[in-house]
Amino acid sequence: MKFLQRLGRSIMLPVAVLPVAAILSGISYWISSAAGGANTASAFLGAAGGALLDNMPLLFAVGVSIGMANKTDGTSALAGLVSWLTITTLLAPATMQKLLGLGELGDVNPAFGKVQNVFVGIVAGLIGAWCYNRFKDTKLPDALSFFSGKRSVAIVTAGLSLVVAVVLMFVWPVVFGALVTFGEWISTMGPVGAGIYGFLNRLLIPTGLHHALNSVFWFDVAGINDLVNFLNGTGTYGVTGQYMAGFFPIMMFGLPGAALAMYLTADTRRKKITYGIMLSGAISSFFVGVTEPLEFSFMFVAPWLYLIHAVFTGISVMITAMLPTRLGFGFSAGFIDMVLQWANPMAENPWMLLLLGVAWFFIYFFTFYFVIKRFKLKTPGRGDELDEQDADNAGTSLSGYHGTAEKFIAALGGRDNIIEVDNCATRLRMEIADPSQVDEHALKRAGAAGTIKPGGHSVQVVYGLNVQFVKDAMEDILNDRTIEAFRGADAGQTGALAGFVGGVGGAAIAAGAAAEQRLDSSVPPAVLQLRQPVAGRVLALSEVPDAMFAQGTMGPGLAIDPTGDTIVAPAGGTVASVFPTGHAIGLALADGTELLIHVGIDTVDMKGDGFETLVTAGDTVEPGTPLLRFDPEKIRRAGHSAITPVIVLNNEDATIEFA
């Protein structure tokens, strides 16, 4: 199963190229339609899109070789390319004609005319990755030392690919025949076959094997090539697109209807959490056709609902195949692809899909609502989940993606329990030492849409389109790359001030926990009378040109549009944190207040240029003590705002008043 999961992740790398091809082809068709025929611009963009689509098998060979390698390395990509060129050249019809001594090129088995396909691309990628993993550290005798290590990988790959090519001379015609037979069986069943495909497509989502099924119908593995033919405009009008059109009503309307039903059936005190999960999932599904965040939210807690969803998808694909409506996509069946492909010459009555979508919205909504209520299913916001207060109490010393990453790491059993972290389009894919330590409820509270345990040590966490940022943040924490940058110069400090670093720029990862050591254990006061830390015009936080500050996410406070150039202490206390770039400083006041003074917006990008710190962490300061100097004009010339927020980090009900 681990192998299949890694393969699914690797396949997503070349698949991610499809949106680019779709955009280029879509714009080409729009221009051609508006101009009343092909012109230079549409031909140029169409050719650019075709350059990617026509070479998808090659992209699969390179992408799989990179993804299946133990370590991302260009050597593995080269190995995949070598394998692809070797196999496809040896199995090309012209080569086979010579090898078999055939008189005419037409006498060659037609299977060899289709050897440049995604299946062979995946095989070549696997060969390249295996050779890289096995031989990248090979040491040869001194006389051959030039070919040691990574230089040996391509050579071994070529040799192994020769052997595989010989095997494929006998195996590929059989495999090709079986694929064609399967595809023809489905295609001869007409709309019913399309419906079976749609049903199986959703049913295989939990395993990631739906990509293999899609390749039969979307690419030129069995001669159907529905996706590529549609995007290239080279298919058969009224036929091409039948294996894609039925997904639009489900992804754009059906699943958002299910999301509304799950929100309305959630327990009252849990609606706030459920709302966030359902809204983000519905937006993702509608606009870009990424359905996993929604599907995984109920796939395992209410499997009968997921079976209903799979059946509905099959019915939708079948109905659209029966009707005179066709539409395709480059990435998935979302609004963006619909707009891009609306003018495609293969598109037939795409407006009908919108009408079907409205119907599917209500079908999903009422079906999910009734089944959830009738059978008391534990969908998000129902059952044994912790309430909002419990969720809000899940603390972390960081926020933003690093805060989410810290919560994920804790819920996964701690950093020592995490062996490997990777991601695909919407999921974290990990190897966990002890999967029994994984707290699925904690993962959900931290923002996960769902958790999968395929078996063995594999664990997947569904997050959404921004999963790459969470994965990067997890690697930062696991590799201790955040210790200095995110916890300030004084490694002994913890909590809000020590957890801050600049930018929304720093604001995005400011700390949220109270400091462990305070000068005073009293509760911070609600109204703070402070000295204005720098001369200038006082502003409300809502006027700060940064959403993190303006919306009060960091905490309450005021801002200053400075005319001066020196920040002074607004009250007595201790310097809790001085940041290496000098653009922000944290204070722990004598009354227990944790205060952040952040000079400018996104000034972390200046890397300290224009800033001079005058104190160090641990210094005791009095009101008026100079803390740092800065050059407001240099900040503005760098393209940043010099507006300086003054924020209370540990009391969301506080109010600042400058004397």
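Please read all numbers here as calculations on a predicted model, not as lab measurements.

Procedures and definitions
- Residues numbered from 1 in each chain as written.
- Predicted model: local features only at pLDDT ≥ 70, side-chain atom pairs only at ≥ 80, totals over all residues.
- Heavy atoms only, no water.
- Helix = DSSP H or I, 4+ residues; strand = E, 2+ residues; numbered from the N terminus.
- Buried < 20%, exposed > 50% of the residue type's maximum accessible area, 1.4 Å probe, protein only.
- Contact = heavy atoms within 4.5 Å.
- Areas by Shrake-Rupley, 256 points an atom, 1.4 Å probe, with all protein chains shown as cover.
- Salt bridge = Lys/Arg side-chain N within 4 Å of Asp/Glu carboxyl O.
- pLDDT = per-residue confidence, 0-100.
- Pairing = 2+ DSSP bridges.
- Axes fitted to C-alpha atoms, helices over the stretch in contact; angles between N-to-C directions.
- Core = buried A, V, L, I, M, F, W, Y, C linked by side-chain atoms within 4.5 Å.
- Domains from an automatic or database assignment.
- Phe/Tyr/Trp six-rings, centres within 6.5 Å; stacked < 30°, edge-to-face > 60°.

Scanning the protein chain from terminus to terminus reveals 24 helices and 16 strands. For the protein chain, with 659 residues in total, the buried portion stands at 52%. Of the contacts formed within the protein chain by residues at least 6 apart in sequence, a portion of 72% connects residues at least 24 apart. When the accessible area of the protein chain is evaluated, it comes to approximately 27,400 Å², of which 62% is carbon and sulfur surface.

Throughout the structure, instances matching the rule amount to seven salt bridges. A salt bridge links Arg-202 to Glu-295; the nearest nitrogen and oxygen atoms lie 2.8 Å apart. Residue Arg-202 is found in helix α9 (residues 191-203), and its partner Glu-295 is found in helix α14 (residues 292-298); the two are separated by 93 residues along the sequence. Comparing Arg-202 with Glu-295, the two get one shared label, buried. Of the charged contacts, one joins Asp-561 and Arg-537 as a salt bridge, the two residues approaching to 4.0 Å between their closest N and O atoms. Here Arg-537 lies in strand β6 (residues 536-540) and Asp-561 lies in strand β7 (residues 557-562), a separation of 24 residues in the sequence. You can call Asp-561 partly exposed: its relative accessible area is 25%. Residues joined by salt bridges that share partners form a network here, namely Arg-537, Asp-561, Glu-633 and Arg-636.

This brings us to the confidence of the model for the protein chain. Averaged over the protein chain, the pLDDT score is 80; the fraction of residues at 70 or greater is 82%. The low-confidence segment residues 384-395 (pLDDT under 50) makes 23 contacts with residues lying over four places distant or belonging to another chain.

As a further point, take the sheet that holds strand β8 (residues 566-568). Taken in spatial order, the three strands of this open sheet run β8-β14-β12, and their pairing is antiparallel. Of all strands in the sheet, those with a lone pairing partner are β8 and β12 (611-613), marking the two edges. For this sheet, the mean inter-axis angle between neighbouring strands, taken without regard to orientation, is 20 degrees. In the sheet, β8 pairs with strand β14 (residues 626-630) via three bridges, with the strands oriented antiparallel. Counted as the bridge partner of Ile-567 is Leu-628 from β14.

Phe-217, Trp-218, Leu-227, Phe-248, Leu-305, Tyr-364 and Phe-368 are the most contacted members of the largest nonpolar core, which has 65 residues in total. Here this core gets eleven residues from one element, more than from any other, and that element is helix α12 (residues 247-264). Both of domain 1 (1-187) and domain 2 (233-393) provide at least three residues apiece to this core. Setting aside residues no more than four positions away along its own chain, Leu-305 makes contact with Phe-298, Phe-368, Val-371, Ile-372, Leu-377 and Thr-379. Judged by nonpolar contacts, the second largest core, of 30 residues, contains Ile-585, Leu-587, Phe-611 and Ala-654.

So, about the sheet that holds strand β1 (residues 418-423). Sheet architecture is open: four strands sit in the order β1-β2-β4-β3, paired in antiparallel fashion. In this open sheet, the two strands that pair with only one neighbour each are β1 and β3 (450-455). When strand polarity is set aside, the average angle formed by the axes of neighbouring strands in this sheet is 20 degrees. In this sheet, strand β4 (residues 458-462) lies alongside β3 in antiparallel orientation, the contact comprising four bridges. When the bridges of β4 are listed, Ile-452 appears paired with Gln-460. Across the sheet, helix α21 (residues 467-478) is in contact with β1 and β2 (427-432); its angle to β1 comes to roughly 150 degrees.

With that out of the way, let us pick up the packing of aromatic side chains. Taken as a whole and assessed by the stated rule, the structure comprises 23 aromatic pairs. Relative to Phe-335, the ring of Phe-287 has its centre 5.9 Å away and its plane inclined at 80 degrees; by these criteria the two rings are edge-to-face. Residue Phe-287 is located in helix α13 (residues 271-288), and its partner Phe-335 is located in helix α16 (residues 335-341); the two are separated by 48 residues in the primary sequence. Between the aromatic rings of Phe-298 and Tyr-306, the centroid separation amounts to 6.1 Å while the plane-to-plane angle is 45 degrees, which identifies the pairing as tilted.

Peptide bonds are mostly trans, and most non-glycine residues show a negative phi. Even without being glycine, Asn-225 reaches a positive phi, approximately 55 degrees. Counting through the fold element by element, Asn-225 comes out in the loop between α10 (210-218) and α11 (226-232). According to the relative accessible area criterion, Asn-225 is buried, its value standing at 11%. In this structure, Asn-349 is a non-glycine residue whose phi angle is positive, near 45 degrees. Mapped onto the elements of the fold, Asn-349 is located in the loop between α16 and α17 (351-375).

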